[in-house]
Amino acid sequence: MKIGFIGLGNMGAPMAANLVAAGHSVTGHDLAAAMPAGVTAADSAAGAARDAEVVITMLPNGDILRAVAAQVIPAMPAGAVLLDCSTVDVDSARAVASQAAAAGRHAVDAPVSGGVGGAAAGTLTFMAGGPADAFATVRPLFEVMGQRAVHCGEAGAGQAAKICNNMILGVTMIATCEAFALADRLGLDRARMFDVVSTSSGQSWSMTSYCPAPGVGPKSPADNGYKPGFAAELMLKDLRLSQLAAEAADADTPMGQLAMQLYERFVEDEGGLGRDFSAMLPRFEGRERH
Ligand code: NAD
């Protein structure tokens with residue numbers, strides 16, 4: 001396929017490299033990042049979109065996505081698909097989809113789970129929103145860049161699934177970390193705590209697959225000085241998106257709200273910036289009840 005790829009940063013570059021390795025023809029554009037081997041550089045977003053059957057975007061936020069989409073949609077051939085894999089607010093995803101439809105192009109929002117490691121290994125999970133025929137067009141690309149793609153519904157449904165998932169993740173990570181900190185004070189050995197919780201009703205991905213306690217459970221960023229992994233500021237971004245969506249939809253999400261506030265303090269005032277989101281455990285360790 002002829003693919004335009006805009007936003008070749010930490011995630012976009014390895015995703016584009018996997019498309020090239022699978023034999024696709026990729027033309028890329030980024031304001032700052034270098035092109036991975038095999039990707040032809042275009043000097044504008046519109047330049048990367050011209051002639052493309054699918055234009056993939058992997059950008060920092062919804063405002064940038066809207067600005068790029070406004071340049072790209074008119075440049076894309078009629079019937080081409082704009083596939084946004086960034087994590088953005090649901091409203092931006094829907095606005096871009098409407099703009100594409102009005103111009104006779106298609107849009108799919110398909111944020112990912114799996115991080116930089118998953119992008120490099122081609123094992124991402126995509127959660128997609130948009131028309132079924134556009135999803136079918138891009139499905140072979142999901143198979144190259146990832147392991148699993150779920151069609152969640154109409155435009156915005158992919159972003160909705162992503163922020164609901166990550167709201168659960170933020171909340172369960174905090175709960176897991178505060179429980180370890182309590183266990184410490186109760187004199188309970190962390191390895192025994194893991195053995196019990198990972199096979200009991202308190203288990204979650206945060207405990208079982210990404211244990212925040214160093215030396216306990218499978219290898220995780222905790223075993224590497226809390227170097228990300230999934231950085232606390234990216235978790236904060238997703239929790240903010242969940243609360244933006246909750247406000248717009250008038251949904252009551254008190255745990256998501258509290259998780260957002262805790263990550264906000266952690267990132268902005270408590271040295272969490274640049275650390276893995278599981279570094280909430282050393283944060284709780286050092287705190288007294290008040
Ligand atoms: P990044 O900052 O490394 O990459 C973004 C790239 O977009 C940069 O290279 C930047 O120069 C480029 N860019 C910005 N504005 C542009 C414009 N107008 N035109 C062209 N290029 C432009 O970020 P990332 O870590 O690759 O994340 C990208 C998206 O993926 C984000 O929405 C993020 O939330 C999401 N995501 C990231 C991870 C992760 O672990 N890093 C995991 C899941 C989802």
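In this text, all values refer to a predicted model and were calculated from it rather than measured experimentally.

Chemist: Go over the layout of surface pockets with me, naming the residues and quoting the values.
Modeler: Approximately 1,200 Å³ is the volume attributed to the largest pocket. In this structure, the largest pocket is lined by 44 residues; those nearest its centre are Met-11, Met-58, Thr-87, Phe-230 and Leu-234. Counting residues per element, the ones that place at least two in the lining of the largest pocket are α3 (62–75), β7 (112–113), α5 (115–121), α7 (157–185), α9 (205–208) and α10 (232–249). Of the residues forming the lining of the largest pocket, the biggest block, six residues, is contributed by α7. Partitioning the lining of the largest pocket into residue classes produces 21 nonpolar, 19 polar and four charged. The volume enclosed by the second largest pocket comes to roughly 440 Å³. What lines the second largest pocket is a set of 13 residues, and nearest its centre among them are Glu-178, Phe-284, Arg-287, Glu-288 and Arg-289. Those elements giving two or more residues to the lining of the second largest pocket turn out to be α7, α11 (254–269) and α12 (280–285).

Chemist: Describe in detail the site of the ligand, supporting the description with residues and values.
Modeler: Around the ligand, 23 residues are found, and the nearest of them are Asn-10, Met-11, Asp-30, Leu-59 and Lys-237. One nitrogen or oxygen atom from the side chain of Asp-30 is found 2.6 Å from an oxygen atom belonging to the ligand. Protein chains bury 83% of the 830 Å² of accessible surface belonging to the ligand in isolation. Most atoms of the ligand, that is more than half of them, are within 2 Å of grid points of the largest pocket. At the level of elements, α3, α5 and α10 are the ones that each hand at least two residues to the shell around the ligand. Grouping the amino acids of the shell around the ligand by side-chain chemistry returns 13 nonpolar, seven polar and three charged.

Chemist: An account of the nonpolar core is needed here, citing residue identities and associated values.
Modeler: If you look at the biggest cluster of nonpolar residues, it comprises 35 residues, and the most contacted ones within it are Tyr-263, Phe-277 and Met-280. When residues of this core are traced back to their parent elements, those giving at least two are α7, α8 (190–197), α10, α11 and α12. Among the nonpolar cores identified, the runner-up in size contains 29 residues, and Val-39, Leu-83, Ala-134 and Met-145 belong to it.

Conventions and cut-offs
Residues numbered from 1 in each chain as written. Predicted model: local features only at pLDDT ≥ 70, side-chain atom pairs only at ≥ 80, totals over all residues. Heavy atoms only, no water. 1 Å grid on protein atoms, 1.4 Å probe; cavity = no way out; pocket = protein on both sides within 12 Å on 5 of 7 lines; lining within 4 Å. Points joined across faces, edges and corners; volume = space filled by probe spheres on them. Helix = DSSP H or I, 4+ residues; strand = E, 2+ residues; numbered from the N terminus. Nonpolar A, V, L, I, M, F, W, Y, C, P; charged D, E, K, R; others polar. Near = heavy atom within 4 Å. Polar contact = N/O pair within 3.5 Å; in protein donor to acceptor, adjacent residues only side chain to side chain. Areas by Shrake-Rupley, 256 points an atom, 1.4 Å probe, with all protein chains shown as cover. Sits in = over half its atoms within 2 Å of the grid points. Core = buried A, V, L, I, M, F, W, Y, C linked by side-chain atoms within 4.5 Å. Buried < 20%, exposed > 50% of the residue type's maximum accessible area, 1.4 Å probe, protein only.

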